Amino acid sequence: MHYRKFDVDAYRQVMNSLIGTGPETDVFWKAFDFALEAHGDQWRRSGDPYIVHPANVARILAEELDIHNGEILAAALLHDTVEDVEYVNTSVIRDKFGPNVEAIVEGCTKVTHYSGDKQNFKKMVHRKIFSGAAAKPEVMLVKLADRLHNLRTLASMPKHKRQRVADETLDIYAPLATILGLFEIKREMYNLALAYKFPRQGNRLQMQINKLKQDEKVREIVEQVPKALHEDGIQAEVRVRTKGLWGYYDARNRILIKEIESPQEILIVVPRRNSCYEALGTLNRIYPPIPRTIRDFIANPKPSGYQGLHARANIDGRKYLFKIRTDEMARQAQRGLVRQWTAEGRQRGQFIKGLQEMFDILGSDDSLSYRDMIAASGRKEIYTYTPQGDLICLPVHSIALDFAFSVHTAIGQTCIGAMIGNRRVAPDHVLSDGDVVKIIRQSKPVRFDPDIQQLCQTPRARSELAKTFRMRRKEVTGKIGRSVLQQEMRRYGLPIEILDKAGMEDVLTYFNIQSLEDLYLQVGKGKIRLRELIYEIKNGLYSGHETLQLPTGVFNRIELHTIDPVVVKSSACCRPTPMDKGVVGLLSERGLSLHRKDCFRLQKIKFQREDAVEVRWNLRDTRIVKPQKVIIFAANRQRLFMLLSVAPSELRVTEIIALTHRPNTTPAWEVNFTVHDLYALKKIFKHLDRSELTYEFALEQ
């Protein structure tokens, strides 16, 4: 390997020209000297000194993103030191450079101690970065600059690593750059990653793109537009941007496509805001726009702050996108939210808060696919309005509940529907561009189904729903944990009262738990091995006393008063219902996973006795909120109506649907009904069983 030298003086000169040497940048220059020494004997695979990488990450932030904040740039220089330098830890960073730099560096530092499979390790790494960005959005800026420099120097890496970095960039980092409004960085990230991901197809497509740049028709447009603008007394600069590989990437299907609708964009840059609208008038005169394609992002900026006018025209059978903006708008379009990183203002504050909410849920809720959520947040926007005319900008495919949470958290929590014009719609109704939405509320918070979280497109809606689901689970899980622990102690012959002894604090400390309530919660989630917990309680609080032998085979039993799907989930393999006997629940962070005792899948799952419980329900106290349905087979109309007429009074039939219409087929019926509680439901199915008719039923939770 040929080793190269890092030109320290040249780098100092470049950064000095970008950020200067005033007192506000002292922390950066101090960090540079520290990083030089820390990475002094480390080399990259390319043959460059390792310091080249963090130094260039800081340079990208300063030169390409206009970030001149000394602490952010210092963190960029130091972002790999904790991970790669033995004597450096976060305490050292804090002592030398302050808590802000430490927080950013900590957010950028990967998980170092982990034993498990690679897939889970990768998820942990990403979630740690997202958690860091939730507290400090600057973390994501450093990570994006870090990834961009890695892509620029990726040629020296082995093929498998190039593919891995390309995949990760396409799934996470390039879409995040889009969300942040860093469009120049986004385009370069996509171009580099796609070239490594699809080397042959990308090369052929690049040749096609290069031919487009020489297209005579585009040259003709670029000559005609300035002439028309000059005739109308408008000063403007006109240029063409031919879309690179980034424009041909279908993110939904993860493929490169051969042709796109608008492969080239005409950029018109004018000196003043008012000139944008004058230029649009001229453009409409010479190239009439395609109806309903003019978008005004000046009056209604995108959440990232992007401004400009967009118009599409069909010229000789080919569609072209024209973008009109000022110099300042053009610069803003390349810098996104970072352009005014230290600026105050309501809009910027809301955007940063929205980002932090997104990063918070990405880092904390492993039930959601962070790839799907990032993709949803990066989609094109729709513009919706409150009845008072306030603009609410949402991602495409957003639902009424997204709108409600965007207005206010309390409105989202109590949303039972919406009015769009004179039409009432459900909370999961998909909104269209231009909708005026009035939210319909109830006085108490709504107990939403878990499924609606996947339909929501905004980070705020998903985050708030995740919080309410966690609270609902926590309430039941704690009770389960208390019941399980007390039963297990009885099995060993340990008195329950010893949990209140002072020595219990030592047991909690051993398991790194703050309180007895938290202990119940961890037991209910199955995160603490009961055998180990009982051992610590027995030796710490009941030593010297005789206890019973280790229990085997018998599950602890719990009684539930809820069928909330956030808490209990019937497995698809055997579909147990609360009326069944012998229902087993596997403890987990996501609630109880229910199986029948004789379920073939359950037999294949490896778990210990204390990881599961036998589940029973208090039938009279367990309410059923949702409408139910039962399919009844092989019953003619007369027999069906006779059966329903003598059914228990608790059965309230709402609809009967004939599923077969031909006279020679076996009649089948769908009976929709409501019922108050599980006790009444059990009475109804006893009645159906006595009829000896065949039926199918799956409980709607």
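These remarks concern the structure in this document. Since the model is a prediction, treat every value here as computed from it, not as a measurement. (Residues numbered from 1 in each chain as written. Predicted model: local features only at pLDDT ≥ 70, side-chain atom pairs only at ≥ 80, totals over all residues. Heavy atoms only, no water.)

## Focus on a positive patch on the surface
Inference 1: A surface patch of like charges, here positive, comprises Lys159, Arg200, Arg204 and Lys258.
Inference 2: Along the polypeptide, Arg200 turns up in helix 12 (residues 199–213).
Inference 3: The class of Arg200 is exposed, set by a relative accessible area of 71%. (Patch = residues over 30% accessible without salt bridge, like charges linked within 9 Å, V, L, I, M, F, W, Y side chains within 5 Å. Areas by Shrake-Rupley, 256 points an atom, 1.4 Å probe, with all protein chains shown as cover. Salt bridge = Lys/Arg side-chain N within 4 Å of Asp/Glu carboxyl O. Lys, Arg positive; Asp, Glu negative; His and termini not counted. Charge placed at Lys NZ, Arg CZ, Asp CG, Glu CD. Helix = DSSP H or I, 4+ residues; strand = E, 2+ residues; numbered from the N terminus. Buried < 20%, exposed > 50% of the residue type's maximum accessible area, 1.4 Å probe, protein only.)

## Describing the environment of Asp95
Inference 1: One can find Asp95 in helix 6 (residues 90–97).
Inference 2: Considering only alpha carbons, one finds Asp95 and Asp621, 526 residues apart in sequence, at a separation of 58 Å.

## Re the packing of helix 2 (residues 26–38) against helix 4 (residues 70–78)
If you want to describe how two helices pack, look at the angle between their axes and the distance between the axes.
Inference 1: Following both chains from N to C, one finds helix 2 and helix 4 inclined at 10°, their axes separated by 8 Å at the closest point. With respect to their mutual orientation, helix 2 and helix 4 come out roughly parallel. Across from Val27, Phe28, Ala31, Phe32, Phe34 and Ala35 in helix 2, the residues of helix 4 making contact are Gly70, Glu71, Leu73, Ala74, Leu77 and Leu78.
Inference 2: A class-by-class count of the residues in the contact of helix 2 with helix 4 yields ten nonpolar, one polar and one charged. (Axes fitted to C-alpha atoms, helices over the stretch in contact; angles between N-to-C directions. Parallel < 35°, antiparallel > 145°, perpendicular 65-115°, else oblique. Contact = heavy atoms within 4.5 Å. Nonpolar A, V, L, I, M, F, W, Y, C, P; charged D, E, K, R; others polar.)

## Quick notes on the nonpolar core
Inference 1: With 83 residues, the main nonpolar core has Leu61 and Phe359 as its most contacted residues.
Inference 2: Once residues within four sequence positions are removed from consideration, Leu61 is found in contact with Asp66, Ile67, Ile72, Leu73, Ala76, Leu141, Val142 and Ala145. (Core = buried A, V, L, I, M, F, W, Y, C linked by side-chain atoms within 4.5 Å.)

## What to know about the sheet that holds strand 17 (residues 612–617)
Inference 1: Taken in spatial order, the five strands line up as 13-17-15-16-14 in an open sheet, and their pairing is mixed. In this open sheet, the two edge strands, each paired with only one partner strand, are strand 13 (556–560) and strand 14 (568–570). When strand polarity is set aside, the average angle formed by the axes of neighbouring strands in this sheet is 40°.
Inference 2: Relative to strand 17, strand 15 (residues 583–586) is paired through four bridges, and the arrangement is antiparallel. Note on strand 17: the bridge partner recorded for Val583 is Val615. (Pairing = 2+ DSSP bridges.)

## What about the pattern of salt bridges?
When their charged atoms lie close together, side chains carrying opposite charge are able to pair.
Inference 1: Tallied over the full model, the rule gives 33 salt bridges.
Inference 2: Here Arg147 and Glu168 are joined by a salt bridge, their closest N and O atoms 2.5 Å apart. In this pair, Arg147 sits in helix 9 (residues 138–152) while Glu168 sits in helix 10 (residues 159–179), placing the two residues 21 residues apart along the sequence.
Inference 3: A residue is classified by how much of its surface remains accessible, and Arg147, at 9% relative accessible area, is buried.
Inference 4: Among the residues examined, Glu168 registers a relative accessible area of 11% and is labelled buried.
Inference 5: Note that Asp171 and Arg254 form a salt bridge whose closest N and O atoms lie 2.3 Å from each other. Of this pair, Asp171 sits in helix 10 while Arg254 sits in the loop between strand 2 (249–250) and strand 3 (255–256); the two residues are 83 residues apart in sequence, bridging distant segments of the chain.
Inference 6: What makes Arg254 partly exposed here is its relative accessible area of 38%.

## Focus on the side chain of Glu464
Inference 1: With respect to the helices and strands, the residue Glu464 is situated in helix 21 (residues 459–492).
Inference 2: Its relative accessible area of 10% is what places Glu464 among the buried residues.
Inference 3: Those residues in contact with Glu464, other than ones at most four positions away along the chain, are Phe405, Thr409 and Gln413.

## Some points on the packing of aromatic side chains
Centre distance and the angle of the planes are the two values used to describe a pair of aromatic rings.
Inference 1: According to the stated counting rule, one finds 14 aromatic pairs in the structure shown.
Inference 2: With centroids separated by 5.5 Å and ring planes inclined at 75°, the aromatic side chains of Phe34 and Phe97 adopt a geometry described as edge-to-face. Of this pair, Phe34 sits in helix 2 while Phe97 is found in helix 6, placing the two residues 63 residues apart along the sequence.
Inference 3: The exposure class assigned to Phe34 is buried, which follows from its relative accessible area of 12%.
Inference 4: Since its relative accessible area comes to 5%, Phe97 is described here as buried.
Inference 5: Put simply, the rings of Phe183, Phe297, Tyr306 and Tyr383 touch in pairs and so form one group of aromatic residues.
Inference 6: Sitting over the face of the ring of Phe97, Lys30 holds its NZ or CZ atom 5.6 Å from the ring centroid.
Inference 7: The positively charged end of Arg187 is found above the aromatic ring belonging to Trp246, 5.6 Å away from the centroid. (Phe/Tyr/Trp six-rings, centres within 6.5 Å; stacked < 30°, edge-to-face > 60°. Lys NZ or Arg CZ within 6 Å of the ring centre and 35° of its normal.)

## Overview of the sheet that holds strand 18 (residues 628–633)
Inference 1: Taken in spatial order, the four strands of this open sheet run 19-20-18-21, and their pairing is antiparallel. Each of the sheet's edge strands pairs with one partner strand only, and the pair in question is strand 19 (652–658) and strand 21 (695–697). Ignoring strand direction, the axes of neighbouring strands in this sheet form an average angle of 20°.
Inference 2: In this structure, strand 18 lies alongside strand 21, joined through three bridges in antiparallel fashion. If you follow Ile631 over to strand 21, its bridge partner there is Glu696.
Inference 3: Here helix 26 (residues 637–645) sits on the sheet in contact with strand 18, strand 19 and strand 20 (668–674), set at roughly 20° to strand 20.
Inference 4: Taken strand by strand, helix 27 (residues 678–691) contacts strand 18, strand 20 and strand 21, and its axis lies near 160° from that of strand 21.

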